[in-house]
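A structural walkthrough
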Amino acid sequence: MASGHISNGEFFTQLASLIEKTQKKGHGSVHLTQKRLSYETTAAPSKDDPLADLNPAAPLPILVRVSDGNTQSQDRVKNKDPVKFATVVQADELETFFARYAEVCKVGMQSLRKRDRSKRKKTKKGGAKGAEAKG
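Worth saying up front: this structure is predicted, and the values here are computed from it rather than measured.

Rules used throughout
- Residues numbered from 1 in each chain as written.
- Predicted model: local features only at pLDDT ≥ 70, side-chain atom pairs only at ≥ 80, totals over all residues.
- Heavy atoms only, no water.
- Phe/Tyr/Trp six-rings, centres within 6.5 Å; stacked < 30°, edge-to-face > 60°.
- Buried < 20%, exposed > 50% of the residue type's maximum accessible area, 1.4 Å probe, protein only.
- Helix = DSSP H or I, 4+ residues; strand = E, 2+ residues; numbered from the N terminus.
- Salt bridge = Lys/Arg side-chain N within 4 Å of Asp/Glu carboxyl O.
- Axes fitted to C-alpha atoms, helices over the stretch in contact; angles between N-to-C directions.
- Parallel < 35°, antiparallel > 145°, perpendicular 65-115°, else oblique.
- Left-handed = near helix turned anticlockwise from the far one by under 90°.
- Contact = heavy atoms within 4.5 Å.
- Nonpolar A, V, L, I, M, F, W, Y, C, P; charged D, E, K, R; others polar.

Attention shifts here to the packing of aromatic side chains. This structure, assessed with the given rule, holds seven aromatic pairs. Aromatic side chains Phe-11 and Phe-12 sit 5.6 Å apart centroid to centroid with 75° between the ring planes, which places their arrangement in the edge-to-face category. With a relative accessible area of 0%, Phe-11 lands in the buried category. Judged by centre distance (5.7 Å) and plane angle (80°), the rings of Phe-98 and Tyr-101 are edge-to-face. With a gap of three residues between them, Phe-98 and Tyr-101 both fall in helix H2 (residues 94-109), about one helical turn apart. Residue Tyr-101 is classed as buried on the basis of its relative accessible area of 8%. Taken together, the aromatic side chains of Phe-11, Phe-12, Phe-85, Phe-97, Phe-98 and Tyr-101 make up a single cluster linked through ring pairs.

Within the structure shown, the criterion is met by one salt bridge. Between Lys-24 and Glu-20 there is a salt bridge whose closest N-O contact spans 3.3 Å. Highlighted residues: Lys-24 and Glu-20, both in helix H1 (residues 8-25), separated by four residues, approximately one helical turn. For Glu-20, a relative accessible area of 41% corresponds to the partly exposed category.

Another aspect to go through is the packing of H1 against H2. Between H1 and H2, the shortest axis-to-axis distance is 10 Å and the interhelical angle comes to 15°. As summarised for this structure, H1 and H2 are arranged roughly parallel, according to the angle between their axes. You can see that H1 and H2 cross each other, and the crossing is right-handed. Here Asn-8, Gly-9, Phe-11, Phe-12, Leu-15, Ala-16, Ile-19 and Gln-23 of H1 come into contact with H2, specifically with Phe-97, Arg-100, Tyr-101, Val-104, Val-107, Gly-108 and Met-109. Classifying every residue of the contact of H1 with H2 gives 10 nonpolar, four polar and one charged.

Moving on, we get to the environment of Phe-98. Using a relative accessible area of 26% as the deciding quantity, one classes Phe-98 as partly exposed. Setting aside residues up to four positions removed in sequence, Phe-98 forms contacts with Gln-34 and Ile-62.

This is the structure in structure tokens:
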């Protein structure tokens, strides 16, 4: 594994604790991203086949990243310690990884509360009155 990437077990532990911490605060975000990694190749890509990377010779691993979304504090100052971590999942481990990944995410989403959209609906119903109040 590359430096900066943690093991899959440690990834799930940190993800569960980040989701729990966000829920205890009552607000916040947890950003999850996935990206296919590619191997470095010395050969130049073929001009004949522009989609050659869609059929790799070997299965490619996946990079899964997590962050808390706090890049700035409330006073628009850059956050000095945002939470960010990542893991690399090999192709033969994908099925078991995503089963556990879905389980951790489901547990974290059970205690979510529905967003309060009443303010948005009031401004839409107000029509021109809402626009005058803003301007």
